[in-house]
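Structural description and commentary
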Amino acid sequence: MNFLRGVMGGQAAGPQPSGAETIQKLCDRVASSTLLEDRRDAVRALKSLSKKYRMEVGTQAMDHLINILQTDRSDSEILGYALDTLYNIICNDEEEEQDESEDEAAQKQADDLGAQFTEQFVQDPEHVTLLLALLEEFDFHVRWPGVKLLTALLKNQCVQVQGIILVSPMGVSRLMDLLADSREVIRNDGLLLLQQLTKSNAAIQKIVAFENAFERLLDIITEEGSSDGGIVVEDCLLLLVNLLKNNSSNQNFFKEGSYIQRMKPWFEVGDDNSGWSAQKVTNLHLMLQLVRVMVSPVNSPGATASCQKSMYQCGLLQQLCTILMATGVPADILTETINTVSEVIRGSQVNQDYFASVNAPSNPPRPAIVVLLMSMVNERQPFVLRCAVLYCFQCFLYKNQKGQGEIVATLLPSTIDANSISAGQLLCGGLFSVDSLSNWCAAVALAHALQDNLTQKEQLLRVQLATSLGKPPVSLLQQCTNILSQGDKIVRRGSKVQTRVGLLMLLCTWINNCPIAVTHFLHNQENVPFLTAQISENLGEDERLVQGLCALLLGICIYYNDNSLENYTKEKLKQLIEKRIGKENFVEKLGFITKHELYSRAAQKPQPVFPSPEQMLFDHEFTKLVKELEGVITKAVHKSSEDEKKEEEVKKTLEQHDNIVTQYKELIREQDAQIQELKEQVASMSSQNEQMQTTVTQQLAQIQQHKDQYNILKLKLGKENQNQSNSQGDSSQVNGLQTEELTQLREEVEELRKQHTLLQTQLHDKDALINTLRSETAEGSAGGSDNTELLKELEALRSQVESQSAEINQMKTERQELLRRAEAGSSDAVSSSDGSLDAAKMAEVESRLAAQTTETERLKEEAKSLSESRAELEQQLASATSTVAILQTEQAKLQTEVQESKKEQDDLLMLLADQDQKIHSLKQKLKDLGETVDDEDDLDARDQTDDDFEEDEDED
């Protein structure tokens, strides 16, 4: 302990040991001490020496410190000292100021110590895994230095440490728990740790995102006050940018989680925007960058369009436009807002239409586009702001033919309003200004109004400009070429090369793929000589780019020439190039464009970002045009007239072939449509067939079920009839009836049953005939008199059916009465067989039997009359059949009185239904009397047996 007191500042006798010796002794004490207090004091001493003697402590004590982390995990204090010591020797952020005279090499060597010790620490991946395990400790003195140490390791050896954490079980999840720590110091340092962890590692970015990072970070931003918050908000935004930038999976997860809607409150600004703090400006700048990350042009088109739609629907675009038109907003925030709005509306028709409708809060109100263009052509505005406005205008016109038409329309004579400033007037003013940057921006903006829009290129040829009093107006195309040819005579502020490059880009875009514009350009006799002179001269390095653009413009005049001008046909222009310039020299000058260093920089991304106005020469869309035209122009210049004729013949053949192919394609489309329609019909019919088969199957099952029920009932009725016949046979034997007579009576009853069955069959035939007549009547369209005659015949048939039904009802009534009497007579006959009745009763019985016999004879006569009526009904049915045949030949004439016929048929159907109901009621009554209900033939046989029984009694 005395040794430690000496190290910590106490007085000791003898010479003082050096720092290296002291550190060596402390390391020995850490390695050899058995008491935890001794080791703790030694580690604390190493911590105090670690900043001053960084090299010595790192070299001698690192292994001992790592061993402490492994063996003394139960003591949080010694763990904290060890972690702090490791952080001091690994971290490069030294607070001590270095002397100005210190050698830079020595300073670099000191900075490399952190990388050296970091490499030594992560050489064993278990050390990083051990550090991740220590982060689970809740003790502040362990967790906070552990977070700082891991952050320092990631700064020095990011890729290697990321790989170890990625393969460590629950490694990222442990680090995400830091955001939920209630101690703000640990949470804030956890944010810095996650920033380092998520740099340039898509796999870790996805894991962090799916660990609910977006929800937690947005909650922290809201709790800290959004844009008015402090450095913590900035750290959260930096982490969000890391997670979303160039990571399509996380961007989609952010959008699908409805987190874009939560960004809208960030951009709410008040009327008084003066006095913004530097932190608020930084926060809002990062928030705008976060929006741009979601809609960046480098993202996939589908994902960008989806985010743009969400931003419009949730009102985020409207909020950004509010900032755009607000007053007092800092210049850098306004510039970044313009860039953000540009990418939110780029390629989205709905967003572009909304932006076109935004007005600035001025008197009178002016469109936001006009206000922005005023800033672009104003040379007093900051350069970055003018670039941002140009980018916004380009994004507004990107794939927006409607917007292009509106811009060009402001230049046409019929739509010019002298009382207001339009976008076209501002562009023309900038195009002919003495400021070269305004010339270039206006030319590029106007070129974007013509990009891939043949209609607007032709419309712009109508624009006429008044140059001075007393002179006739000239076209815009002619004025551009005049400025181009007189550029050396005009004094301009800035680079004259910049002005000429801008005008040449405008002319190339204008006449590209527009033969009418090419003709207008060649119609001016001075244009072609000027271009050939510019190309053929040997100018300086700065003018080579102008020569290349002139060569490109002349090449477009050759490639898209329709040979309408005799003096400037394709062949004559090529001969002129060969004589005045030379084909090889022309191609060489044309190649100057793509070889320029600024061409490659502009081709990288759509946003015009330049370090200085002098380097603002190329537009991104124009670089695409050059890449597309360079090869075809070179081929067009080298082609001979014979090759061109052959090519024209080939083109004609290809056109014919294309026409044939188009016809076949149309035929194939029609056949495809027909096939599709037939497939739909087949599918519909197949479904109907399946439904019908299902219905048939169900009906078959029901029929089978009914058959089974019928067979069961038939068996039951057979047993009952057998029992009844046995009882009746016994009665007949008692009354002296013979078997032959009983058989004869049953045969007569069977004959009557057959006649009744035949009558029912005829009734069913008649129903079928009526249905046939109904269908034929519905199809008929003429012959009113024949229809009336048919209705009369149907009425006659109906009356006959009613009379027949009455007769059947009368017969059934009489049969019931007969059954009642027969039962009474049989009971009397049984009593007379015993010989106990007197003569009076016998006489009474005989009289009753005589009456029953008479009644039976009358019933037989009625049956006979019924048979005769049946014959008459058959004749009537035959006549009705002939009538039907006549109606079938004249069915085309039945068109009138269809509704009345349907009504009559419905009445007839109701009558038949009533008849069926009456028959059903009679069956029910018979059932109540104990008779057979389902088979009326058995009842008829029983009636016949009772009649025979009465006749036998009468004979007795």
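Before going into details, it helps to say that this report is about the structure given with it. (Residues numbered from 1 in each chain as written. Predicted model: local features only at pLDDT ≥ 70, side-chain atom pairs only at ≥ 80, totals over all residues. Heavy atoms only, no water.)

Scanning the chain from N- to C-terminus turns up 42 helices and four strands. Excluding contacts between residues fewer than 6 apart, the proportion of contacts in the chain whose partners are at least 24 apart in sequence is 74%. (Helix = DSSP H or I, 4+ residues; strand = E, 2+ residues; numbered from the N terminus. Contact = heavy atoms within 4.5 Å.)

Moving on, we get to the side chain of K589. With respect to the secondary-structure elements, K589 resides in helix α33 (residues 583-590). An unpaired buried charge is present at K589: no salt bridge exists, and E588, the closest side chain of opposite charge, is 6.9 Å distant. If we ignore the near neighbours within four places in the chain, the residues touching K589 are I535, E537, Q547 and G548. (Buried < 20%, exposed > 50% of the residue type's maximum accessible area, 1.4 Å probe, protein only. Lys, Arg positive; Asp, Glu negative; His and termini not counted. Salt bridge = Lys/Arg side-chain N within 4 Å of Asp/Glu carboxyl O.)

Once that is clear, we can look at a nonpolar patch on the surface. On the surface, I660, Y664, L667 and I668 cluster together into a nonpolar patch covering about 390 Å² of accessible area. Topologically, I660 is positioned in helix α37 (residues 641-734). (Patch = residues over 30% accessible without salt bridge, like charges linked within 9 Å, V, L, I, M, F, W, Y side chains within 5 Å. Areas by Shrake-Rupley, 256 points an atom, 1.4 Å probe, with all protein chains shown as cover.)

Across all of its chains, the model carries seven cavities of 30 Å³ or more by this definition. There is about 60 Å³ of room inside the second largest cavity. Looking at the lining of the second largest cavity, the elements that each hand over two or more residues are α22 (383-397) and α36 (620-638). When the residues that make up the lining of the second largest cavity are grouped by side-chain class, the tally is four nonpolar, three polar and three charged. (1 Å grid on protein atoms, 1.4 Å probe; cavity = no way out; pocket = protein on both sides within 12 Å on 5 of 7 lines; lining within 4 Å. Points joined across faces, edges and corners; volume = space filled by probe spheres on them. Nonpolar A, V, L, I, M, F, W, Y, C, P; charged D, E, K, R; others polar.)

Moving on, we come to α36. Taking 1.5 Å of rise per residue, the 19 residues of α36 would be expected to cover 27 Å, and the 28 Å separating its terminal C-alpha atoms lies within 8% of that figure. Helix geometry: α36 is bent most strongly at L629, by close to 35°. Of all the positions in α36, only H620, E621, F622, T623, L625, V626, L629, I633, A636 and V637 are classed as buried. Measuring from the side-chain oxygen of the N-cap residue of α36 to the backbone nitrogen of E621 gives 3.3 Å; that N-cap residue is D619. (Expected span 1.5 Å × (residues − 1). Bend = angle between axes of the 7 residues up to and from the residue. Polar contact = N/O pair within 3.5 Å; in protein donor to acceptor, adjacent residues only side chain to side chain.)

Summed over all chains, the structure comprises 11 aromatic pairs. For the pair F214 and F253, a centre-to-centre distance of 5.9 Å together with 35° between the ring planes defines the contact as tilted. Residue F214 is found in helix α13 (residues 213-223), and its partner F253 is found in helix α15 (residues 248-256); the two are separated by 39 residues along the sequence. Ring centres 6.3 Å apart and planes at 85° place the aromatic pair W440 and F610 in the edge-to-face group. In this pair, W440 sits in helix α25 (residues 436-450) while F610 sits in the loop between α35 (597-602) and α36, placing the two residues 170 residues apart along the sequence. One aromatic cluster in this structure is built from F210, F214, F253, F254 and Y259. A cation over an aromatic ring shows up here: R183 above the ring of F138, its NZ or CZ 3.9 Å from the ring centre. If you follow R346 out to its NZ or CZ, it ends over the ring of Y398, 3.8 Å from the centre. (Phe/Tyr/Trp six-rings, centres within 6.5 Å; stacked < 30°, edge-to-face > 60°. Lys NZ or Arg CZ within 6 Å of the ring centre and 35° of its normal.)

Right, let's get into a negative patch on the surface. On the surface, a cluster of negative charge is contributed by E900, E904, D906 and D907. Among the structural elements, E904 can be located in helix α41 (residues 898-928). You can call E904 partly exposed: its relative accessible area is 30%. (Charge placed at Lys NZ, Arg CZ, Asp CG, Glu CD.)

The next subject is the side chain of Q456. Note on placement: Q456 falls in helix α26 (residues 454-460). Note on Q456: relative accessible area 12%, which makes it buried. Beyond its immediate stretch of four places on either side in the chain, Q456 contacts Q404, G405, V408, A449 and L450.

Moving on, we get to the environment of L431. Among the structural elements, L431 can be located in helix α24 (residues 423-431). Overall, the relative accessible area of 1% leaves L431 in the buried class. Each C-alpha atom, one on L431 and one on I483, is 9.7 Å from the other, the two residues being 52 residues apart in sequence. Excluding its chain neighbours within four sequence positions, the residues that come into contact with L431 are N439, A442, A443, L446, L476, C480, L503 and L506.

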